[in-house]
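# Close look at the chain arrangement
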Amino acid sequence: MHNKTITEQAKDLRSGKYSSVELTQAYLQRIKKHKALNCFITVTEEHALEDAKIADTQLSAGNAKLLTGIPIAQKDIFCTQDIKTSCASKMLDNFIAPYNATVIENFNNAGAVMLGKLNMDEFAMGSSNETSFYGAVQNPWDTNTVPGGSSGGSAAAVAARLAPAVTGTDTGGSIRQPASLCGITGLKPTYGRVSRYGMIAFASSLDQGGPMARSAEDAALLLQTMAGFDSKDSTSVEQAVPDYSAGLNNSLEGLKIGLPKEFFSADLNNDIATTIEAAINEYRKLGAEVKEVSLPNMKLAIPAYYVIASAECSANLSRFDGVRFGYRCDNPADLNDLYIRSRGEAFGAEVKRRILMGTYALSAGYYDAYYIKAQKVRRLISEDFNKALSEVDVLMGPVSPSTAFAQGEKTGDPIEMYLADIYTIAINLAGLPAMSIPAGFVDNKPVGLQVIGNYFTEARLLNIAHQYQQVTNWHQQTPQGFE
Ligand code: GLN
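### Details of the packing of helix H8 (residues 270-285) against helix H15 (residues 458-471)
Two elements in contact, H8 and H15, have axes whose closest approach is 10 Å; the angle formed by their N-to-C orientations is 95°. Overall, the two elements H8 and H15 adopt an arrangement that is roughly perpendicular. Where H8 approaches H15, its residues Ala279, Glu282 and Tyr283 are matched on the opposing element by Ile464, Ala465, Tyr468 and Val471. For the contact of H8 with H15, the per-class residue count stands at six nonpolar, no polar and one charged.

### Looking at the environment of Val146
By secondary structure assignment, the location of Val146 is in the loop between strand S3 (113-118) and helix H5 (152-159). The spacing of Val146 and Leu395 is 249 residues in sequence and 27 Å in space, taken between C-alpha atoms. Leave out the neighbours within four places in its chain, and Val146 touches Ser128, Glu130, Val137, Asn139, Leu181, Ala404, Phe405, Ala406 and Gln407.

### Things to note about the state of the cysteines
Inspection of the entire model under this criterion finds zero disulfides. The closest cysteine sulfur to the non-disulfide-bonded Cys79 is located on Cys87, 8.3 Å from its own sulfur.

### Re the nonpolar core
Core analysis: the largest hydrophobic core is formed by 146 residues, its most contacted members being Phe123, Tyr283, Phe385, Met396 and Leu462. Sorting elements by how many residues they give to this core places helix H9 (residues 301-316) first, with nine residues. Each residue touching Phe385, except ones within four places of it in the same chain, is listed here: Leu295, Leu395, Ala426, Ile427, Ala430, Leu432 and Ile452.

### Quick look at the pattern of salt bridges
Counted under the stated rule, the structure contains 16 salt bridges. Among the ionic pairs, Glu345 bridges to Arg341, the shortest N-O distance being 3.4 Å. Note that Glu345 and Arg341 are positioned in helix H10 (residues 335-346) at a spacing of four residues, about one turn of the helix. The salt bridge partner of Glu383 is Arg379, with a shortest N-O separation of 4.0 Å. Separated by four residues within a single helix, Glu383 and Arg379 lie in helix H12 (residues 367-391), roughly one turn from each other. The exposure class of Glu383 is partly exposed, given its relative accessible area of 40%. Where salt bridges share partners, they join Lys291, Lys387 and Glu391 into one cluster.

### Comments concerning a nonpolar patch on the surface
Taken together, Val323, Leu335, Tyr339 and Ile340 make up a surface patch of nonpolar side chains, about 360 Å² in accessible area. Inspection of the secondary structure puts Tyr339 in helix H10.

Reading the values: the criteria
Residues numbered from 1 in each chain as written. Predicted model: local features only at pLDDT ≥ 70, side-chain atom pairs only at ≥ 80, totals over all residues. Heavy atoms only, no water. Axes fitted to C-alpha atoms, helices over the stretch in contact; angles between N-to-C directions. Helix = DSSP H or I, 4+ residues; strand = E, 2+ residues; numbered from the N terminus. Parallel < 35°, antiparallel > 145°, perpendicular 65-115°, else oblique. Contact = heavy atoms within 4.5 Å. Nonpolar A, V, L, I, M, F, W, Y, C, P; charged D, E, K, R; others polar. Disulfide = S-S within 2.5 Å. Core = buried A, V, L, I, M, F, W, Y, C linked by side-chain atoms within 4.5 Å. Buried < 20%, exposed > 50% of the residue type's maximum accessible area, 1.4 Å probe, protein only. Salt bridge = Lys/Arg side-chain N within 4 Å of Asp/Glu carboxyl O. Patch = residues over 30% accessible without salt bridge, like charges linked within 9 Å, V, L, I, M, F, W, Y side chains within 5 Å. Areas by Shrake-Rupley, 256 points an atom, 1.4 Å probe, with all protein chains shown as cover.

Here it is as structure tokens:
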């Protein structure tokens, strides 16, 4: 059962081949068996079995909805009513959300069964899942390496078949980079496509939730569930949600692919470059035309991002003050002591570094020099993409400059860690949709191909990924020991 996609599982559940309770139990057992990967912060076993029972009643009554009875796990950044929502921080270790995020409500309404809450980098800050208060996550392809981050628990869980499909969030690459490092399919939607209501904020102008799954076909079902206007999120866009599964089999004849020359510079590992070129050749065979384009301001993306994201996070995280919810220090002497010690004791080193950088960039005298300057650079980057995407339909390139790196390799050097997102961050600054698609292996470690589209072209991206997955089987490979 656990080797099937959710598209297949939905069929099996409808034909009565197995029940949702059986399917859910199979995953719960695998989660226990592979506990060492540390993918889950919370497993909601009882809750899941109850939901599965209800799903089975609906299935036998012929009332199945899109995901009725399908087990899904959620990144622990989405608020879940009456269930711990930690954002992988000591700050929220005791936090039980009083309401559901819109994304969670959407999954409930579609009939999905929630297996639990997935490990991640603390407050989604990181590229390796090593900043989690609950410890690092192992990459099932090589347990000495990282799964990527911040949605590392999400990506590792799908790769190890501990959940058939999951959610992630992507502020600067956190869906695509772990998807690439774990050999799964991930999609970061256009900013505003998926509601951020109840999704704990890191950098509000960049954060976006999206699906992570085995195949593009499955990602389409998840996005169908997640996407849509939400009056509770002021940046949610009021635009109709297309049928993401309907166009999967459209032909790619005449598709115009642009290869940004800055993506294929000397910094890119040779073997990864060869893998990406092979993937692009498959697209040529499928009828695509390929040409070079340029994103001249790419090199400014990382510095601009770390000013903007840090500035926004310093504002967002000011709500964690030890007063209203979350961690509170013991015996505060006065209000100042309460603030200082609660925050000092509960935030990890990376979160503190970002808050300090952000507060600095926003302070009087530095605001124009850093924050305003970064916003101007953001505009230039966005214009580069607009220009490139006026010449071609999509852009393609690598997701990550390397395959999964060793645990601990980059933890001592934050800048080295930040560079892991060199190919993904600019896309968030521009607010565009992009995917990571399994495209091969280098030294037995997965490599993802990145496909970037124009605003609200998720259906076309899924179609492009699905066609590739019809002629390749990279997305079907299973790490040894997790079959
Ligand atoms: N690695 C990037 C960061 O640490 C992106 C994280 C994300 O997308 N949530 O900011």
